[in-house]
Each structure stands twice: as structure tokens, then as C-alpha cells.
Amino acid sequence: MNNQEEKFIKVYPNSETASLYVAGRIASLIVKKSELGQKTVLGLATGATPKLVYKELIRLHQYEGLSFKSVVTFNLDEYYPMQAVDEQSYRSFMNVNLFNHVDMPSENIHIPDGTLNLEAVQAHCALYEKKIQDFGGLDLQLLGIGRTGHIGFNEPGSLVHSTTRLVHLNDLTISDAIADFGGKEHVPSQAITMGVKTITQAKEIILLALSQRKADIIQQALEGGISSHIPASFLQQFKNVEYVLDQEAASQLATNYCSAVTNP
Ligand code: GLP
């Protein structure tokens, strides 16, 4: 990143404090928009990274009256092929980690459909884009980052103008998923993902990265050149992006941002 001062990077002491901050941002947006009588359209991510965010959102719902009735969600991606009821599906992940515990109407939940025949996928992807637009676009997109630099499942080679589509997964992404699937042969080699353009059209984007495992790719994505080799690097071109890191994930950045968080 050439002009680091312009970037909105927040580094928190640990994953808990970083996640609480992100959950608070999402909750405030929901409250603000519902007070205006408006829906909140969230783009949601899966993986280990957002789990504590979702846990805190559930706590806010259960103990502090945060309602999700006016929330509409679009998930970034789903494996393909994948049955919705499969334990490894992102649909199951979202049910277990968020949806089963809050009062969001089920018709407000959108996740790419991994059950479709190949011939039906393209139309489904176009409809997914249209539905996002019909709701007025994403108010806030929550992102993790894969070790290939992917956002959603936009693997190296993805274009900045890409939209929702069927993609092939990178070998590193597949090997990172082996633990979840119990063997490389069980990991799907394809997925349906929102595109880079779909993501970057969100009004606000929060990229959350936690742990030492992400330090190297965070350094490349934030301080390296902008290139389709590291799709997350495209985010450097957009002003509506906030990077929320724990100290470990930030540990390879040239600038020490640790003092940046004075008002979490
Ligand atoms: C998957 C998801 C991404 C996520 C990434 C990182 O590949 N498709 O959206 O950001 O994993 O996962 P984790 O948070 O478990 O490191």
C-alpha cells in the first residue's frame, strides 16, 4: 500500500476485542437503519474468522434486545456441489453460528445454492446479483481473507469486475478445508461466490483478519501491489474499506498500527 495513512486499519490486541468491535459496528447499523424504518442488508462471511462476531451478535439479540427482523442477508459463497443440509455447507454453518439463534425471518436469508444442476447455475448467479440490487445493494459486507488472498471464493486470477459465478478452488484453499471435510477427497473443488465487483459495491466493507496464519497474506494484500494474484488487494482501490486486525495478523505490516486503536 503506497499511502498507508489514508487506509482505515484498526489493530486490536486480540481476536476477542477485534470481533467485539465488528459486532458493535454491525449492531449499530441495524439499530440506526431500523429506527429509520429501513432494512439493513448485510453481506456475510463464513470460516473461523467471523465466529466470535456472530457469537456477540447472538448475545446482543438474547440479552440486549437487538432485533434482526429488519435484517436481510446475502452470504458470500457456498461450495458446489453442496447439499444445504450437509454439515459442511455454508448454509449449515450460518444456521449453527447465527441464524438459528436470532429472529431473522427465513425469507430474508440468501445463500448461493450449491444443489443446482450445472445448467441452472448461471441464471441463479444472475438472480443473486439482481436480488442484492432489488434490496438497494449491500449496506455492509463482512469479509475474511483466505491464505491465497481470496475474498469470498474469489481466488487468484479473479477480476475486479467479476460478479457472482461458479469458480474453481485453489489448492491451498482446498488443503485449508481438509480439516472441516475430513479428507482432501471430500473437499469440493468448486464454489459459487459473489464476485469482486459484487463485494466492492457494498456501501461499507469490513475485512476481519485474525491470527498469525493471516499475517503474511495481510501484508501482501494491504502493502503489496494491486493485482488479481491477490484478489483482496483490489480493496486498496476503494475508500469504503476498513481492515480490522488482531495484533498477530498485523504483525508483518511495515507500519505499526498497534496504537491506532484508542477508541474501540
Ligand atoms: C473460506 C471462505 C472465505 C473466508 C476464508 C477464510 O474460504 N470462503 O469467505 O474468508 O475461508 O477462512 P477462515 O476465516 O476460516 O480463515
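The structure we're discussing is the one just above.
Residues numbered from 1 in each chain as written. Predicted model: local features only at pLDDT ≥ 70, side-chain atom pairs only at ≥ 80, totals over all residues. Heavy atoms only, no water.

### Overview of the pairing of strand β9 (residues 204-209)
- Counting buried positions along β9 gives 5 out of 6 residues, so the element sits mostly inside the fold.
- With 4 bridges connecting them, strand β6 (residues 140-143) and β9 associate as parallel partners. Bridging from a neighbouring strand, L140 pairs with E204 of β9.
- Bridge analysis of β9 against strand β10 (residues 241-246) gives 5 bridges, and the strand direction is parallel. By the bridge assignment, L207 is partnered in β10 with Y243.
- Once you follow β9 into helix α8 (residues 215-223) and on to β10, the crossover reads as right-handed. (Buried < 20%, exposed > 50% of the residue type's maximum accessible area, 1.4 Å probe, protein only. Helix = DSSP H or I, 4+ residues; strand = E, 2+ residues; numbered from the N terminus. Pairing = 2+ DSSP bridges. Right-handed = clockwise from strand over helix to strand, strands pointing away.)

### Regarding the site of the ligand
- Residues in close proximity to the ligand total 13 residues, the closest being A48, T49, D77, H150 and K214.
- T49 has a polar side-chain atom sitting 2.4 Å from an oxygen atom of the ligand.
- One nitrogen or oxygen atom from the main chain of G152 is found 3.4 Å from a nitrogen atom belonging to the ligand.
- The fraction of the free accessible surface of the ligand (390 Å²) that becomes covered by protein chains is 87%.
- With respect to the detected pockets, the ligand is housed in the largest pocket.
- Of the residues belonging to the shell around the ligand, the class tally is 5 nonpolar, 6 polar and 2 charged. (Near = heavy atom within 4 Å. Polar contact = N/O pair within 3.5 Å; in protein donor to acceptor, adjacent residues only side chain to side chain. Areas by Shrake-Rupley, 256 points an atom, 1.4 Å probe, with all protein chains shown as cover. 1 Å grid on protein atoms, 1.4 Å probe; cavity = no way out; pocket = protein on both sides within 12 Å on 5 of 7 lines; lining within 4 Å. Sits in = over half its atoms within 2 Å of the grid points. Nonpolar A, V, L, I, M, F, W, Y, C, P; charged D, E, K, R; others polar.)

### What about the packing of helix α1 (residues 15-35) against helix α2 (residues 51-64)?
- Where α1 meets α2, the axes come as close as 8 Å, and the angle between the chain directions of the two elements is 55°. By the criterion of interaxial angle, the relationship of α1 to α2 is oblique. The hand of the α1/α2 crossing is right-handed. Side by side, α1 and α2 meet where S15, E16, S19, L20, V22, A23, I26 and A27 of the first sit next to L52, V53, E56, L57 and L60 of the second.
- When grouped by side-chain class, the residues that make up the contact of α1 with α2 number 9 nonpolar, 2 polar and 2 charged. (Axes fitted to C-alpha atoms, helices over the stretch in contact; angles between N-to-C directions. Parallel < 35°, antiparallel > 145°, perpendicular 65-115°, else oblique. Left-handed = near helix turned anticlockwise from the far one by under 90°. Contact = heavy atoms within 4.5 Å.)

### Some points on the side chain of H110
- Following the sequence through the fold, H110 ends up in strand β5 (residues 109-110).
- According to the relative accessible area criterion, H110 is buried, its value standing at 9%.
- Looking at H110, its side chain comes within polar contact range of the main-chain oxygen of N108, at 3.3 Å.
- Contacts of H110, omitting those with residues within four sequence positions, involve V72, T73, F74, N75, Y128, K131 and F135.

### Section: the layout of surface pockets
- By volume, the largest pocket amounts to about 990 Å³.
- Taken together, 40 residues line the largest pocket, and the ones lying closest to its centre are T46, G47, A48, Y90 and D180.
- The dominant element in the lining of the largest pocket, judged by the number of residues it contributes, is helix α3 (residues 90-97), at 5 residues.
- Split into classes, the residues belonging to the lining of the largest pocket amount to 16 nonpolar, 16 polar and 8 charged. (Points joined across faces, edges and corners; volume = space filled by probe spheres on them.)

### Side note on the pattern of salt bridges
- Scanning the model with the defined rule gives 9 salt bridges in all.
- K33 is the salt-bridge partner of D139, the closest N and O atoms lying 3.0 Å from each other. You can see D139 sitting in the loop between α4 (118-134) and β6 and its partner K33 sitting in helix α1, a full 106 residues away along the chain. Considered together, D139 and K33 belong to a single accessibility category, that of buried residues.
- Notably, a salt bridge pairs D176 with R147, separated by 2.7 Å at the nearest N-O pair. A residue pair is termed long-range when its members are at least 10 positions apart, and D176 in helix α5 (residues 171-176) and R147 in the loop between β6 and β7 (165-168) qualify at 29 residues.
- With a relative accessible area of 29%, D176 lands in the partly exposed category.
- Overlapping salt bridges, with partners in common, bring together R25, E204 and E242 in one network. (Salt bridge = Lys/Arg side-chain N within 4 Å of Asp/Glu carboxyl O.)

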